[in-house]
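So the chains spell out like this:
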Amino acid sequence: VSIMEESSSTSTQKVVAVVGGGLVGALNACFLAKRGFSVEVFEAREDIRKAQIVKGRSINLALSHRGRQALKHVGMEEKIVSQGIPMHARMIHSLGGKQSPIPYGKKGQYILSVDRANLNKELLSEAEKYSNMKLNFDHKLKDWSAETGLMTFDRSDGSKQQIRADLIVGCDGAFSAIRKQFLRCGRFDYSQTYIPHGYMELTMPPVNGEFAMKPNYLHIWPRNTFMMIALPNLDKTFTCTLFMPFEEFEKITTGDEVIEFFQKQFPDSIPLIGVDALKRDYFRLPGQAMVSVKCCPYHIGDKCVLMGDAAHAVVPFYGQGMNAGFEDCIVFDEIMDQFSEDFSVVLPEYSRVRVPDDHAIADLAMYNYIEVRFIQISTLTMRILINFST
Ligand code: FAD
């Protein structure tokens, strides 16, 4: 069954389509609606505000200064900060169980642990407040034309929908369907690198209704080839993320082997996560891949522009992927002001200004990943190692 619908701009109000209603797409939609465009968000998933289970790339993440600045522009900073947990320092766990804090900056400076699903829901609800905004869920972009701006979406009932927009903003993540069209254009540079490490999330429950470890820290267990980090959640759990090479993940095949491995690498975490939980949860999902994507330029003509992970997926060792994506929104907004929303000038200028900065973030993140593997553990090197920068 194929349903064809078409919407296009009137002479007064330009239609801007944001493809992807994840973190960057939902925030960007607010920026664009604030400007008065007729904004439509197209998200492949169902509405996560109504979903029972929300899948994402991580349960929580670190929000830093860059990200907060962008939230401030759309009046969301206070709300999101009030729902986050300040982390003033990294807390390094030695093999012997000794804990040593390394502050993020001067006294009073901190990054925030925020719940990804909640942040995404809040941003969607904020976007929905604009009368010139329409959120379309269950719309998976299949194809689009850089010449006409016509997009084709697949619906879960098997139907298709076609929509035309004046500007298409690709915020559809690391495996962007929008970006695929860029590959067909000439003079488009593209590279993608999968790192040999994967990641797995494990939950550390509260103890007697309280956090099992000090809450206002980003806990780190650096072990050369292996690493575990833990960020606090509002429900007093910690989400622990274990990073290790895929071949090491695959070596562990039984519950007892999990415990043996943790005994060797992260012994102080075993009673806190719990032996039974560890044995069970390790096998819940396989290790997840991490990819770094670099491309240039970020635009095609005056029709389409990439932002967030669609433009620059980075490995998570610098804690800046979302933050850089949020900053994309501010930079684009400023250029829109500078060039009076003339897409034919704004888009190339955005690529010119933004590509070098995003590539620098990608390089820093990869640099930190390499450090992780070869570093000798000392306080000084640790500073370089797990930067989770502000
Ligand atoms: P996504 O969050 O991937 O959202 C893309 C959206 O597009 C999704 O909703 C998806 O359903 C939708 N979509 C995809 N394809 C289509 C399609 N064809 N049609 C329509 N919709 C589509 N960053 C930080 O700043 N701090 C951290 O601490 C941090 N920790 C991380 C930890 C891990 C383990 C990982 C993997 C990443 C981490 N990041 C962190 C990076 C962060 O997750 C990403 O940078 C961020 O999610 C990018 O947001 P986005 O909206 O660009 O992409």
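Predicted model, so just to flag it, every value in this text is computed and none were measured.

Topic: the overall build of the protein chain
Okay, so step 1: The helix and strand tally for the protein chain stands at 13 helices and 19 strands.
Okay, so step 2: The C-alpha atoms of the protein chain give 22 Å as radius of gyration, which agrees with the globular expectation for 390 residues (21 Å, within 12%).
Okay, so step 3: Projected onto its principal axes, the C-alpha positions of the protein chain cover 70 × 50 × 40 Å.
Okay, so step 4: Taken across its 390 residues, the protein chain has 55% of its residues classed as buried.
Okay, so step 5: For the protein chain, long-range pairs separated by at least 24 residues make up 70% of all intrachain contacts whose partners lie at least 6 apart in sequence.

Observations regarding the site of the ligand
Okay, so step 1: Lining the immediate environment of the ligand, one finds 32 residues, of which E43, A62, R116, L141 and D309 sit closest.
Okay, so step 2: For the ligand, a nitrogen atom lies 2.8 Å from a polar atom in the backbone of L141.
Okay, so step 3: Here D309 contributes a side-chain N or O atom positioned 2.7 Å from an oxygen atom of the ligand.
Okay, so step 4: When the ligand sits alone it has 990 Å² of accessible area, and the protein chains cover 90% of it.
Okay, so step 5: Of all the secondary structure elements, the ones that give two or more residues to the shell around the ligand are α1 (23–34), β3 (60–63), β9 (140–144) and α11 (321–338).
Okay, so step 6: Among the residues making up the shell around the ligand, the classes are represented as 14 nonpolar, 11 polar and 7 charged.

Remarks on the sheet that holds strand β19 (residues 304–306)
Okay, so step 1: The 6 strands are arranged β8-β2-β1-β12-β19-β18 in an open sheet whose pairing can be described as mixed. A strand with exactly one partner marks an edge of an open sheet, and here the two such strands are β8 (133–136) and β18 (299–300).
Okay, so step 2: The pairing of strand β2 (residues 38–42) with β8 spans 4 bridges and is parallel. What sits directly across from F42, in β8, is N136.

A short note on the packing of aromatic side chains
Okay, so step 1: Enumeration over the complete set of coordinates arrives at 18 aromatic pairs.
Okay, so step 2: Seen in terms of ring centroids, F246 and F249 are 6.4 Å apart; in terms of plane orientation they differ by 50°. Their pairing is tilted. Taken together, the residues span about one helical turn, with F246 and F249 both in helix α6 (residues 246–251) at a distance of 3 residues.
Okay, so step 3: Owing to a relative accessible area of 23%, F246 belongs among the partly exposed residues under this scheme.
Okay, so step 4: With relative accessibility at 7%, the residue F249 sits in the buried group.
Okay, so step 5: Of the aromatic side chains, those joined through ring pairs into one cluster are W144, F182, F188 and Y190.
Okay, so step 6: Sitting above the plane of the F343 ring, K14 keeps its charged end 4.9 Å from the centroid.

Points about the sheet that holds β9
Okay, so step 1: Ordered by their spatial adjacency, 3 strands build an open sheet running β9-β10-β11, and the pairing between neighbours is antiparallel. Of all strands in the sheet, those bounded by a partner on one side alone are β9 and β11 (160–164). On average, adjacent strands in this sheet sit at an angle of 30° to one another, irrespective of strand direction.
Okay, so step 2: Bridging between strand β10 (residues 150–154) and β11 involves 5 bridges; their strand directions are antiparallel. What sits directly across from M151, in β11, is I163.

A few points about the nonpolar core
Okay, so step 1: Grouped together as the largest cluster of nonpolar side chains are 73 residues, with contacts concentrated most on W144, M151, F326 and F332.
Okay, so step 2: When residues in this core are grouped by element, the largest group, 9 residues, is from α1.
Okay, so step 3: Once you skip the residues sitting within four places of it in the chain, M151 turns out to touch A17, V19, F42, L141, D143, W144, Q161, Q162, I163, A165 and I168.

A look at helix α2 (residues 65–73)
Okay, so step 1: All buried positions along α2 are accounted for by G67, R68, A70 and L71. Projected onto a plane normal to the axis of α2, the buried residues spread over an arc of 160° and lie on a single side. Those residues of α2 that are exposed and aimed more than 90 degrees away from the buried face are H65 and K72.
Okay, so step 2: Next to the buried residues of α2 lie α1, β3, α3 (77–82), β7 (111–115), α4 (116–128) and α11.
Okay, so step 3: The first or second residue beyond α2 is G75, which carries a positive phi of 75°.

Digging into unusual backbone geometry
Okay, so step 1: The amide bond that connects C296 to the next residue, P297, takes the cis arrangement and shows omega of -5°.
Okay, so step 2: Along the chain, P297 turns up in the loop between β17 (288–296) and β18.
Okay, so step 3: Its identity is not glycine, yet K236 carries a phi of approximately 70°, on the positive side.
Okay, so step 4: Positioned with a positive phi, S340 is a non-glycine residue whose angle comes to about 45°.

Details of the packing of α1 against α2
Okay, so step 1: At a closest axis distance of 10 Å, the pairing of α1 and α2 adopts a crossing angle of 40°. Classified by chirality, the crossing of α2 by α1 is left-handed. On α2, the residues that touch L27, F31 and K34 of α1 are A70, L71 and H73.
Okay, so step 2: Residue classes in the contact of α1 with α2 are distributed as 4 nonpolar, 1 polar and 1 charged.

About the cut-offs
- Residues numbered from 1 in each chain as written.
- Predicted model: local features only at pLDDT ≥ 70, side-chain atom pairs only at ≥ 80, totals over all residues.
- Heavy atoms only, no water.
- Helix = DSSP H or I, 4+ residues; strand = E, 2+ residues; numbered from the N terminus.
- Rg over C-alpha atoms; globule rule 2.2 N^0.38 Å.
- Buried < 20%, exposed > 50% of the residue type's maximum accessible area, 1.4 Å probe, protein only.
- Contact = heavy atoms within 4.5 Å.
- Near = heavy atom within 4 Å.
- Polar contact = N/O pair within 3.5 Å; in protein donor to acceptor, adjacent residues only side chain to side chain.
- Areas by Shrake-Rupley, 256 points an atom, 1.4 Å probe, with all protein chains shown as cover.
- Nonpolar A, V, L, I, M, F, W, Y, C, P; charged D, E, K, R; others polar.
- Pairing = 2+ DSSP bridges.
- Phe/Tyr/Trp six-rings, centres within 6.5 Å; stacked < 30°, edge-to-face > 60°.
- Lys NZ or Arg CZ within 6 Å of the ring centre and 35° of its normal.
- Axes fitted to C-alpha atoms, helices over the stretch in contact; angles between N-to-C directions.
- Core = buried A, V, L, I, M, F, W, Y, C linked by side-chain atoms within 4.5 Å.
- Arc of directions from axis to C-beta.
- Left-handed = near helix turned anticlockwise from the far one by under 90°.

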